[in-house]
Structures are given as structure tokens and as C-alpha cells.
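As a plain string of letters, each chain reads:
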Amino acid sequence: MNVLGIDIGAGTIKSAVFSASGQTLVSAEAETARDYPALKAQLLAIMASLGKPHGVGAVGIGVPGFIAAGDGTIVRSPNMRFLDGIALQKELADATDLRVLVENDANAAALGEFLALAAPVPAPQGDGGNPVRPASFVHLTLGSGIGSGIILNGRIWRGAGGFAAELGHLLVNSQGRDCGCGNRGCAETESSEAGIVQSYQEFAGSPYPLRSRDVFDRLQRGDEAACRAFRRAGVFLGVLLAQIVYALNPELISIGGGVAACGDALLGPAREELARRVVARACAGTTIAPARLGNDAGKAGAAALARQETT
Ligand SMILES: [Zn+2]
């Protein structure tokens, strides 16, 4: 059976049809509609145009926000408030003859990255040589916020009600900035794109630049404020990593997203801070590595989830 994966972002909807072996058969991208009726129509159009011609039996959809475990209702979507309270999974399933599964977008991306991992160790004898993936895996997406997902024994860890793995809202700075979640000092106020830009503006005493990429360009030109902004974000990322290591001691933490593409400017200070805060043997058991799929992880993970949980 082929499955359709859709990743809804505040700006772009990415979609693709995947075969049973995980091969991408067709993909599409479009600007996200700005209200719910238009978005629902857009999703139904994607399902009709990609679903029928490619023999799709199930659809997985990643949505930014808190998703109720079980029925896929969107409890709250901070960046797309028009989705608050929408029973998207039920509405789309009722309107089509497809099985539909709605999942938090960061959880879907984590599953996509997990499934893209090559075998870290040889498979045990006699199981056909399938890749052995880590039993415990954490994925962080450093973008405008910090998205995250936890995969334990091959499955998304959602917690009691679907609110687990909100690692971007772990406290890293008790005297820190206000966060959109209502708390303050969360990791995403420091180590996300918005955090880096805000730090740069504070250090440089300037309202510009507006993107972390601009700060990175200035870093490469030797700008001291840019260097301090990345160092600060990296140190607080290290604080976050220390909490993840002591909470889960996962075998692998993968880090992706636009900010992570800046590489060692961020990850260098993060690794140093992690080593300062956590005993060496705990760190030694956890590998920290760049993500593999990047922007394609969400739709791949959503599709895989639809296959896993609706068949
Ligand atoms: Zn927060």
C-alpha cells in the first residue's frame, strides 16, 4: 500500500506519496492557506490529486501544535491559532474514503529522521539483516522555535496525554526571556532562530539583522556581537542537551533545522557545555549528530506513522 505524508507548516505545506519500501513516488509543495475552511479545502485537494492516482490507502499529517493522543484533535496551535480545537483527523476522514492520522509535526519529523538512520551496528543473526536502529532516539529541530520528538523502541513517545517531548520548553535560563508557552527561560527563547536574532540585537544594540542566517554571515566576517550571539545560543543548547542526557540517556540525539545548519558555531559551544555539566560516562553513551533528512523528515515520518498506525 502507498501512503501520503503531509507536513503542514505555517508558511508551506509539503506532501509526498511513499511506496511500501519508503521510496518517494511524487511530491508537492504549496503556500499554506490562512484560515481553516481554506486549509481544509487545500488538504482535501492534495488528498484527491495525489491520493487516487497513486493508490494511496492512508494519510499521515504533521501539524504544529499540541495534538490530543487518540483522536488527533488539535488542542492548540500557537503559530496557527485558527486550528485550535479543530478535530482535523475526524473531519478529513469523514470527507474521504482514506484512513487519516494527525500527529504533532515535530514527532512526525523525529520518526522520519529515525527511519532514515542507517544501521549503527550489524543486525543479529537470523533476522534477515534488517538495520538495527537505536532503541532510544531524540530529534531536535532548531528553527523559529525548537521542535522535538522522542522515539523509544521504534515508536513515538507521547506520554500520558500526547504532551511529551516538548523539549524546547525545558528551562535553561531561570531569569530568561518570556516564551510563547507562557513560561520564561525555555530553551527555544535562547537557542532557536528567534533567540539568536534577539541576542544579536541586544549585543549589537541594533534592530537588524532579522534572520539567524544574517547573524551567521556576520559571524563569518568576524562580527563580535554575532560571535557572542551564537556562543550564547550554543551554551544554552548545551544546558538543554544535559537535561536530555540525564532524563533519557538516549543512544542518539540528532539536531536539524535551519539554525543547526550553522554547524560548529552552535554545536561547538553546546558540546563543551554538555561536557561541563554531565559526567563523562553519561555523555559517552549518547551520540550527538546532524539530522539526515532535514525539511523532508516531517512528511516522511507522517506517512510512516499512517502506515504503522492505521493498517
Ligand atoms: Zn516555552
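This structure is a prediction, so every number in the text was calculated from the model and none was measured.

Trainee: Sorry if this is basic, but what is going on with helix H3 (residues 105–115) here?
Mentor: Within an α-helix, residues lying three or four positions from one another point in the same direction, as the helix has 3.6 residues per turn. The buried count for H3 comes to 9 of 11 residues, which makes it a mostly enclosed element. Within the span of H3, buried status applies to Ala106, Asn107, Ala108, Ala109, Ala110, Leu111, Gly112, Glu113 and Phe114. Looking at the packing, one finds that the buried side of H3 touches strand S7 (99–104), strand S8 (136–142), strand S9 (146–152), strand S10 (155–156), strand S11 (252–256) and helix H9 (297–310).

Trainee: What is the right way to look at the domain arrangement of the protein in this model?
Mentor: For an interface, size is often stated in terms of accessible area lost upon the parts coming together. The domain architecture assigned to the protein consists of domain 1 (2–105 + 296–310) and domain 2 (136–291). Placing a centre on the C-alpha atoms of domain 1 and another on those of domain 2 gives a separation of 27 Å. The interface is formed by 11 residues belonging to domain 1 together with 9 residues belonging to domain 2. Surface buried jointly by domain 1 and domain 2 totals about 820 Å² across both partners, of which 46% is contributed by carbon and sulfur atoms. Seen at the junction of domain 1 and domain 2, the total is 3 salt bridges. The salt bridge partner of arginine 158 is glutamate 103, with a shortest N-O separation of 2.6 Å. Counting every contact that joins domain 1 to domain 2 gives 1 residue pair in polar contact (both at pLDDT 80 or more). Mapped onto the side of domain 1 that touches domain 2, the elements with two or more residues apiece are strand S5 (66–67), strand S6 (74–76), S7 and H9. Among the elements that make up the side of domain 1 that touches domain 2, the one with the highest residue count is H9 (3 residues). Taken together, the residues that form the side of domain 1 that touches domain 2 break down as 6 nonpolar, 2 polar and 3 charged.

Trainee: Any chance you could explain unusual backbone geometry here in plain terms?
Mentor: Peptide bonds are mostly trans, and most non-glycine residues show a negative phi. The phi dihedral of alanine 165 falls on the positive side, at around 65 degrees, and the residue is not glycine. Of note, alanine 165 is situated in the loop between S10 and helix H4 (193–204). Given the relative accessible area of 8%, alanine 165 is considered buried. Phi is positive for asparagine 249, close to 40 degrees, though the residue is something other than glycine. Mapping asparagine 249 onto the fold places it in the loop between helix H6 (224–248) and S11. When its relative accessible area of 37% is taken as the criterion, asparagine 249 is described as partly exposed.

Trainee: Got a minute to help me understand the coordination of the zinc ion in this structure?
Mentor: Around a metal, the perfect tetrahedron of four donors has angles of 109.5 degrees, and the perfect octahedron of six donors has angles of 90 or 180 degrees. Those donors, His169 (ND1), Cys179 (SG), Cys181 (SG) and Cys186 (SG), are the protein atoms that reach the zinc ion, and they lie 2.0 to 2.3 Å from it. Angles of 105 to 121 degrees at the metal separate the 4 donor atoms of the zinc ion, which places the site in the tetrahedral class. Sequence spacing among the residues donating to the zinc ion works out to H-x9-C-x1-C-x4-C. In this pair, histidine 169 sits in the loop between S10 and H4 while cysteine 186 sits in the loop between S10 and H4, placing the two residues 17 residues apart along the sequence.

Trainee: I tried to follow the pairing of strand S3 (residues 24–31) on my own but got confused; where do I start?
Mentor: Look at any regular strand and the pattern is simple: side chains alternate between the two faces of the sheet. Sheet topology places strand S2 (residues 12–18) next to S3; 7 bridges connect them, and they run antiparallel. The residue bridging valine 17 from the neighbouring strand is valine 26, located in S3. Taking the residues that link successive antiparallel strands as the turn, the S2-S3 hairpin has 5 residues, and the phi of glycine 22 there is positive, at about 90 degrees.

Trainee: Would you explain the nonpolar core in this entry?
Mentor: As a rule of thumb, soluble globular proteins bury nonpolar side chains together. By size, the foremost hydrophobic cluster in this structure holds 41 residues, and its most contacted members are Leu140, Leu237, Leu240, Leu241, Ile253 and Ile255. Mapped by element, the contributors of at least two residues to this core are S8, S9, H4, helix H5 (212–220), H6, S11, helix H7 (264–277) and helix H8 (280–284). Of all the elements, H6 adds the most residues to this core, at 13 residues. Ignoring anything within four residues of it in the chain, the contact list for leucine 241 reads Leu140, Ile253, Ile255, Ala270, Leu274 and Ile288. Membership of the second largest hydrophobic core comes to 26 residues, among which are Ile13, Val56, Val59 and Val63.

Trainee: What is the right way to read the sheet that holds S7 from this model?
Mentor: Think of a sheet as strands paired side by side through backbone hydrogen bonds, with each pair either parallel or antiparallel. One open sheet accounts for 5 strands, arranged S3-S2-S1-S4-S7; its pairing is mixed. Sheet topology places S3 and S7 at the edges, where each strand pairs with a single neighbour. For this sheet, the mean angle separating the axes of adjacent strands, direction not counted, is 15 degrees. With respect to the sheet, H9 is in contact with strand S1 (2–8), S2, S3, strand S4 (56–63) and S7, its orientation differing from that of S1 by roughly 130 degrees.

Trainee: What is the right way to read the state of the cysteines from this model?
Mentor: In a disulfide, the sulfur atoms of two cysteines are held together by a covalent bond. On inspection of all chains with the given rule, the structure shows 0 disulfides. A disulfide-free cysteine, cysteine 262 has its sulfur positioned 13 Å from the sulfur of cysteine 227, the nearest such atom. Relative accessible area serves as the criterion here: at 6%, cysteine 262 is assigned to the buried category.

Trainee: Even after reading the chapter, I still don't get the side chain of histidine 139, so can you show me in this structure?
Mentor: Mapped onto the fold, histidine 139 is located in strand S8. Among the residues examined, histidine 139 registers a relative accessible area of 3% and is labelled buried. Separated by 3.2 Å, the side chains of histidine 139 and threonine 141 make a polar contact. A polar atom in the side chain of histidine 139 sits 2.6 Å from the side chain of serine 254.

Rules behind the numbers
Residues numbered from 1 in each chain as written. Predicted model: local features only at pLDDT ≥ 70, side-chain atom pairs only at ≥ 80, totals over all residues. Heavy atoms only, no water. Buried < 20%, exposed > 50% of the residue type's maximum accessible area, 1.4 Å probe, protein only. Helix = DSSP H or I, 4+ residues; strand = E, 2+ residues; numbered from the N terminus. Contact = heavy atoms within 4.5 Å. Domains from an automatic or database assignment. Buried area = accessible area lost by both parts, 1.4 Å probe. Salt bridge = Lys/Arg side-chain N within 4 Å of Asp/Glu carboxyl O. Polar contact = N/O pair within 3.5 Å; in protein donor to acceptor, adjacent residues only side chain to side chain. Nonpolar A, V, L, I, M, F, W, Y, C, P; charged D, E, K, R; others polar. Donors = N, O, S within 2.8 Å, 3.2 Å for Na, K, Ca; no water. Tetrahedral: all angles 85-135°; square planar, octahedral: opposite > 155°, others 65-115°. Pairing = 2+ DSSP bridges. Core = buried A, V, L, I, M, F, W, Y, C linked by side-chain atoms within 4.5 Å. Axes fitted to C-alpha atoms, helices over the stretch in contact; angles between N-to-C directions. Disulfide = S-S within 2.5 Å.

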